[in-house]
Protein chains: 2
Amino acid sequence: MSLSEKNLAFVMHCGEMGSRWGFNRTIGQMCGLLTITKEPMTANEIADTLSISRGNVSMGIKELQSWRLIKVHHIPGDRKEYYGPAGSIWDMANRVFEERKKREIDPTLSLLRDNILEEAHTDDERFAQQQMQEIHDLLETVTKWSAELQRLSPEQLQSLMKLGSGIGKVLDFKDKILKKPGKSE
Amino acid sequence: MSLSEKNLAFVMHCGEMGSRWGFNRTIGQMCGLLTITKEPMTANEIADTLSISRGNVSMGIKELQSWRLIKVHHIPGDRKEYYGPAGSIWDMANRVFEERKKREIDPTLSLLRDNILEEAHTDDERFAQQQMQEIHDLLETVTKWSAELQRLSPEQLQSLMKLGSGIGKVLDFKDKILKKPGKSE
DNA sequence: ATTTAATTTCTGAAATTTTTGAATACTAAA
DNA sequence: TTTAGTATTCAAAAATTTCAGAAATTAAAT
């Protein structure tokens, strides 16, 4: 199992970006490799292709599964496990996004909630609390919004994405349109 | 300069989240501290408050400045530098987002572009290239979109964010409304 | 110019993270 | 039950990152 020069370059790039994307080098490489490889690969093939230890691959697989980025395939009469991407590119991006939200936003949101509930005593605390409130509100909006996006049908999403600079126009219309009953929130 | 228990908890939390947010513990703490502290602080105050070395603070400041998250204040007749947040919470979130895009997406986008330009020779390469094309298109859409969002006025953004589940409805209307001329892309 | 106050850079030590590879566990077939 | 093929675990080694503190630098004040 050896990669063409270009494909190798891509896989290595994934490794280098790995840590920025939330995992480590090896896992980034594995993810990249499985994404551009047509047929699912065995753990040993992965290890050989990337020149890393078998144990490392095993850990990497576990991690990628916890991100729900890869899935296992089986071939009848063969007891090896074959790994491939868990879905489309779009699916994978969504998973990464979701998982990162869980790790990067949710814990902070929860801490902020607790903190905001308590009463501020000093002036310093009052100012701090205001700031925390703002952070909280911002994170909550983002959270709600991403949940909203995930709820849209693929067509709607497509439509929204393609909107581009049209978004401003549509927003302006929105006010006129949504003059239905009263409160909605 | 000592922090109340609650504020300390927040600052330490920022430290723990630091690496997930793209910097390291110390820098996370510094960022949190400066954000909830009303008055700008000197490097020494920061070092004392967080019990870290003066040199470390200096490096942290440089890093936070490269993220454009803090700015310097001067007090007439005082040659120390005072550091405070570079803008509102919203501004800061934007900066982090922007900066991370620059670090996490742009390099990949550029690699993918190069890769896609070349011609695929083998079947494996063809498949790989298809996948890369998809990743590329996705990242480009995200990029364009975030640029679009940044172009909106704060009011429009507010409006968009508050939309929540209304987004679906608005999208449906959009098709009817935008039945202007023909192509828009 | 010299002194003084401040900031920045640098180095190696410490802490943390990643990786390996041998030992162990698992599982299906013989 | 045993064996063979496979996957997983985990302690130790390697690599990387972070950090304190000293030395160097810069800039203001005298």
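Residues numbered from 1 in each chain as written. Chains lettered and ligands numbered in written order. Predicted model: local features only at pLDDT ≥ 70, side-chain atom pairs only at ≥ 80, totals over all residues. Heavy atoms only, no water.

**Student:** Help me understand the interface of chain B and chain A, please; the structure alone is not making it clear to me.
**Tutor:** For interface size, the figure often reported is the accessible area lost on association. At the junction of the two partners, chain B supplies 61 residues and chain A supplies 61 residues. Both sides of the chain B and chain A interface together cover about 5,800 Å² of buried area, and 69% of this is carbon and sulfur. Area buried by chain B at its contact with chain A is led by K6, I89 and W145 of chain B, which between them contribute 12% of it. At the boundary of chain B and chain A, one finds four salt bridges. Between K6 of chain A and E125 of chain B there is a salt bridge, and its shortest N-O distance comes to 3.4 Å. Secondary-structure elements contributing two or more residues to the side of chain B that touches chain A are α1 (5–21), α2 (25–36), α5 (89–104), α6 (106–117), α7 (123–151), α8 (154–163) and α9 (166–177) of chain B. Tallied by class, residues from the side of chain B that touches chain A come to 28 nonpolar, 15 polar and 18 charged. (Contact = heavy atoms within 4.5 Å. Buried area = accessible area lost by both parts, 1.4 Å probe. Salt bridge = Lys/Arg side-chain N within 4 Å of Asp/Glu carboxyl O. Helix = DSSP H or I, 4+ residues; strand = E, 2+ residues; numbered from the N terminus. Nonpolar A, V, L, I, M, F, W, Y, C, P; charged D, E, K, R; others polar.)

**Student:** Would you explain the UniProt feature "domain: HTH marR-type" (unreviewed entry) in chain A in this entry?
**Tutor:** The UniProt entry lists residues 31–80 of chain A under the feature "domain: HTH marR-type" (unreviewed entry), expressed in the numbering used here. End C-alpha to end C-alpha, residues 31–80 of chain A measures 19 Å, and it is 54% helix and 12% strand. (UniProt positions renumbered as here; feature names shortened; annotations may be inferred.)

**Student:** How should I be thinking about the sheet that holds strand β1 (residues 41–42) of chain A in this particular structure?
**Tutor:** Residues and elements named next belong to chain A. In space, the three strands of this open sheet follow the order β1-β3-β2, with antiparallel pairing throughout. Two strands close off the open sheet at either side, each with one partner strand: β1 and β2 (70–73). Two strands pair when backbone bridges link them, and β2 and strand β3 (residues 82–85) are joined in this way by four bridges, in the antiparallel orientation. In the strand pairing of β3, H73 is matched with Y82. Sitting on the sheet, helix α4 (residues 54–66) touches β2 and β3, and the angle it makes with β2 is about 115°. (Pairing = 2+ DSSP bridges. Axes fitted to C-alpha atoms, helices over the stretch in contact; angles between N-to-C directions.)

**Student:** Where do I start with the relation of the copies chain B and chain A in this structure?
**Tutor:** The operation linking the two copies of the chain is a rotation about an axis combined with a translation along the axis. The two copies are related by a screw operation: chain B maps onto chain A through 180° of rotation and 0.0 Å of translation along the axis, at an RMSD of 0.2 Å. The superposition operator between the copies reduces to a two-fold rotation axis. Minimal C-alpha separation from the rotation axis in chain B is found for V170 of chain B, amounting to 4.1 Å. Same-surface contact between copies: 100% of interface residues of chain B are shared with the interface of chain A. (Least-squares fit on C-alpha atoms with pLDDT ≥ 70 in both.)

**Student:** Could you clarify how one ought to interpret the side chain of N7 of chain B in this entry?
**Tutor:** The topology assignment puts N7 of chain B in helix α1. Overall, N7 of chain B belongs to the buried group, its relative accessible area being 6%. Apart from residues lying up to four places away in sequence, N7 of chain B is in contact with D124, E125, A128 and M132 of chain A together with I36 of chain B. (Buried < 20%, exposed > 50% of the residue type's maximum accessible area, 1.4 Å probe, protein only.)

**Student:** Would you mind showing me how to read the nonpolar core here?
**Tutor:** Generally speaking, a soluble globular protein has its nonpolar side chains buried in company with each other. Ranked by size, the top nonpolar core spans 35 residues in total, and within it F10, I46, V57 and L69 of chain B carry the most contacts. Counting only elements with at least two residues in this core, the list comes to α6 (106–117) and α7 (123–151) of chain A together with α1, α2, α3 (43–50), α4 (54–66) and α5 of chain B. If we ignore the near neighbours within four places in the chain, the residues touching V57 of chain B are M30, A43, I46, A47 and I52 of chain B. If you look at the next biggest cluster of nonpolar residues, it comprises 34 residues, including I52 and I61 of chain A together with A128 and M132 of chain B. (Core = buried A, V, L, I, M, F, W, Y, C linked by side-chain atoms within 4.5 Å.)

**Student:** Mind showing me how you'd approach the protein's contact with DNA strand C here?
**Tutor:** Around DNA strand C, 17 residues are found, and the nearest of them are T26, S53 and N56 of chain A together with R54 and K62 of chain B. Sugar and phosphate atoms constitute 69% of the interface atoms of DNA strand C, taking the interface as everything within 4 Å of the protein. At 3.3 Å, a side-chain N or O of R79 of chain B approaches a base oxygen of DNA strand C. In this structure, E81 of chain B approaches DNA strand C through a main-chain N or O atom, which is 3.5 Å from a phosphate oxygen. Top element by residues in the surface near DNA strand C is α4 of chain B. It accounts for four residues. Partitioned by chemical class, the residues of the surface near DNA strand C number two nonpolar, eight polar and seven charged. (Near = heavy atom within 4 Å. Polar contact = N/O pair within 3.5 Å; in protein donor to acceptor, adjacent residues only side chain to side chain.)

**Student:** Honestly, the protein's contact with DNA strand D in this entry has me stumped. Any pointers?
**Tutor:** R54 and K80 of chain A together with T26, S53 and N56 of chain B are the nearest of the 17 residues found near DNA strand D. Close to the protein, within 4 Å, the atoms of DNA strand D belong to sugar or phosphate groups at a rate of 60%. Within the side chain of S58 of chain A, an N or O atom sits 3.2 Å from a phosphate oxygen of DNA strand D. Secondary-structure elements contributing two or more residues to the surface near DNA strand D are α4 of chain A together with α2 and α4 of chain B. It is α4 of chain A that contributes the most residues to the surface near DNA strand D, five residues altogether. Here the residues of the surface near DNA strand D sort into two nonpolar, eight polar and seven charged.

**Student:** Hey, could you run me through the packing of helix α1 (residues 5–21) of chain A against α7 of chain B in this one?
**Tutor:** Packed helix pairs are characterised by how far apart their axes lie and by the angle those axes make with each other. At their nearest, the axes of α1 of chain A and α7 of chain B sit 10 Å apart, and the two run at 40° to each other. Put simply, α1 of chain A runs oblique to α7 of chain B. As α1 of chain A packs across α7 of chain B, the resulting crossing turns out to be left-handed. Residues K6, N7 and F10 of chain A of α1 of chain A lie in contact with α7 of chain B, whose contacting residues are D124, E125, A128, Q129, M132 and I135 of chain B. Split by residue class, the contact of α1 of chain A with α7 of chain B holds four nonpolar, two polar and three charged. (Parallel < 35°, antiparallel > 145°, perpendicular 65-115°, else oblique. Left-handed = near helix turned anticlockwise from the far one by under 90°.)

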